[in-house]
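Residues per chain, in single letters:
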Amino acid sequence: MLNRLLTEKLLDEVHTGVIGVDSSRRIQSANAAACQLLGARQMNLAGRSLVEATLSYELLNLLVEAEQCGNTVERELRRSEATGRTLNARVCHVPRSEDGTEEMYLILLDDVTELRYLETVRRDFVANVSHELRSPLASIRAMAETLQDGAIHDQAVSLRFLEIIIGEVERLTRLLEDLLILSRSESQLPELAPFALDSLLREVVERFQARADKSGVSLVADIASDILVSANRDQMEQVVVNLVDNGIKYTPAGGQVRVSTKLGRSGITVEVEDTGMGILSQDLPRLWERFYRTDRARSRQSGGTGLGLAIVKHIVENHGGTVAVTSEYGIGSRFSFTLPYDVNTKQATR
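What you see as residue numbers is a count from 1 along each chain, following the sequence as written. For a predicted model such as this one, the threshold for reporting local features is a pLDDT of at least 70, and the threshold for listing and counting side-chain atom pairs is 80 or more; totals across whole chains, interfaces and linings nevertheless cover every residue. Hydrogens and waters are ignored; side-chain quantities use all the structure's heavy atoms.

Caption draft 1: The arrangement of the sheet that holds strand E5 (residues 104–111) in detail. One open sheet holds the five strands; their spatial order is E2-E1-E5-E4-E3, and the pairing between them is antiparallel. With partners counted over all chains shown, the strands left at the sheet margins are strand E2 (27–30) and strand E3 (73–77), one partner each. Ignoring strand direction, the axes of neighbouring strands in this sheet form an average angle of 20°. The pairing of E3 with strand E4 (residues 87–94) spans five bridges and is antiparallel. Within E4, the position partnered with Arg75 by the bridge is Ala89. Contacts between residues were defined by any pair of non-hydrogen atoms, one from each residue, lying within 4.5 Å. Between the N-to-C directions of two axes lies an angle of 0 to 180 degrees, each axis being a line fitted to C-alpha atoms and, for a helix, fitted only over the stretch in contact. Only DSSP runs of H or I reaching four residues or more are called helices, and only runs of E reaching two or more are called strands; each is numbered from the N terminus. Packing against the sheet, helix H4 (residues 57–69) makes contact with strand E1 (17–22), E3, E4 and E5, and its axis sits at approximately 170° to E3. Any two strands between which DSSP finds at least two bridges are classified as paired.

Below, the structure written as structure tokens:
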């Protein structure tokens, strides 16, 4: 009795789903993990047929295969409609014991949803990087080959081609720099030190003032004083620079970009609001993804790498903060990030 209780306790503590099925393909037992993975309750599994309880003919076919071959079989089950999970299933034969116990089959279930998602993200990332590198490299090669074939002797053509080559090299340099920044923000926790966030914000606004004036955009600062945060100053500067840069980049002449702060009970929020073209509602959930662009042609034309907002998100979240965006197409957008903050001590809490 004690051994049985220990076994049941052990099975309920493991993350692998374990289902015991008899020779008539009825479930005799199922641990808590199996019920969770299948979106069922334990009382609804025992005594029911495998198909009735799991609604999975894939799992039944795997059991039949194990019965026929007499060996352990393993297969990944397609995404479950009930739970949205991707499961890796193994079916093991438990032979009849000498005391006459009925032969059984053990079904072991592991949730591989996150693993498959990460694999997809990695594949997409490699494909996107390859694409982003291939285009400028192809352009550089074409220009160089044309110069090599004699165009170098035409001063007007050669100067124009050299300008294009330099521009593409600068584009590659920006991409590689952003990839390094993103890699560091994903793999390393930031080194924190206290600094005045309000001073940093004013410095960035001042730095972009000339560019905003040249673009005919009004750059406005509405920043509270004495905002002391404990964060990585270089990384937070990268966050603010990326947001202000985007605001000016996508705001037409005559528009406005406003940098402001809001102090709440649980955090300090920095907002960068523009009166630019705005963003379609269907694009908003994917804005923080790497290489996602709502307007690829315009983004490349303006020198964007497609990594700026992904960098912002990773840096802020590594500081224990959150990012947000609201937008109305044709009206403008508001990007913001919030850092944990204690208004009583006027200091970041992380």
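There's plenty left to go through after this.
Caption draft 2: Up close: the nonpolar core. What makes a nonpolar core is a set of buried Ala, Val, Leu, Ile, Met, Phe, Trp, Tyr and Cys residues whose side-chain atoms join them at distances within 4.5 Å. Categorising residues by exposure relies on relative accessible area from a 1.4 Å probe, with only protein chains included: less than 20% of the type maximum marks a residue as buried, more than 50% marks it as exposed, and the intermediate range marks it as partly exposed. Counting residues in hydrophobic clusters, the biggest one holds 48 residues, and the most contacted among them are Leu197, Leu219, Met236, Leu243, Val244, Phe335 and Phe337. Of all hydrophobic cores here, the second largest spans 23 residues; its members include Val21, Leu37, Leu59 and Ala89.

Caption draft 3: Inspection of helix H8 (residues 233–249) at higher detail. What a helix is expected to span follows from its residue count: subtract one and scale by 1.5 Å. Over its 17 residues, H8 extends 24 Å from the first C-alpha to the last, a length consistent with the 24 Å expected when each residue adds 1.5 Å. The N-capping residue of H8, defined by a side-chain oxygen 3.2 Å from the backbone nitrogen of Asp234, is Asn232. Two N or O atoms form a polar contact when they lie within 3.5 Å of each other; inside protein one atom must be a possible hydrogen donor and the other a possible acceptor, and for residues adjacent in sequence the pair counts only when both atoms belong to side chains.

Caption draft 4: Looking closely at unusual backbone geometry. Positive phi, normally seen in glycine, also occurs at Arg25, with a value near 65°. Along the chain, Arg25 turns up in the loop between E1 and E2. Residue Arg25 is classed as partly exposed on the basis of its relative accessible area of 31%. The backbone of Asp226 shows a phi angle near 60°, a positive value even though the residue is not glycine. Tracing the backbone through its elements, the reader meets Asp226 in the loop between strand E7 (218–222) and strand E8 (228–231).

Caption draft 5: Structural view of the pairing of E5. Bridge count for E1 against E5 is six bridges, and the pairing is antiparallel. Paired with Gly20 across the bridge in E5 is Leu106. For E4 and E5, the ladder comprises eight bridges, and the chain directions are antiparallel. In the sheet register, His93 faces E5, and the bridge partner there is Tyr105.

Caption draft 6: Examining the confidence of the model for the protein chain more closely. Per-residue confidence from the predictor is reported as pLDDT, a score between 0 and 100. Taken as a whole, the protein chain shows an average pLDDT of 82; of its residues, 86% reach a score of 70 or greater. The least confident element of the protein chain, judged by mean pLDDT, is strand E13 (residues 347–348) at 50; the most confident is helix H7 (residues 197–215) at 94.

Caption draft 7: Highlighting the environment of His314. Tracing the chain through its elements places His314 in helix H10 (residues 308–318). Considering only alpha carbons, one finds His314 and Ser185, 129 residues apart in sequence, at a separation of 6.0 Å. Dropping the residues within four chain positions of it, His314 is found in contact with Leu182, Ser185 and Glu186.

Caption draft 8: Summary view of the pattern of salt bridges. Think of a salt bridge as a Lys or Arg side-chain nitrogen and an Asp or Glu carboxyl oxygen that are within 4 Å of each other. Under the defined criterion, the tally for this structure stands at 20 salt bridges. Between Lys249 and Asp245 there is a salt bridge, with the nearest N and O atoms lying 3.3 Å from each other. Taken as a pair, Lys249 and Asp245 lie in helix H8 at a separation of four residues, close to a single helical turn. Grouping residues by exposure puts Lys249 and Asp245 together as buried. Notably, a salt bridge pairs Lys313 with Glu317, separated by 3.1 Å at the nearest N-O pair.

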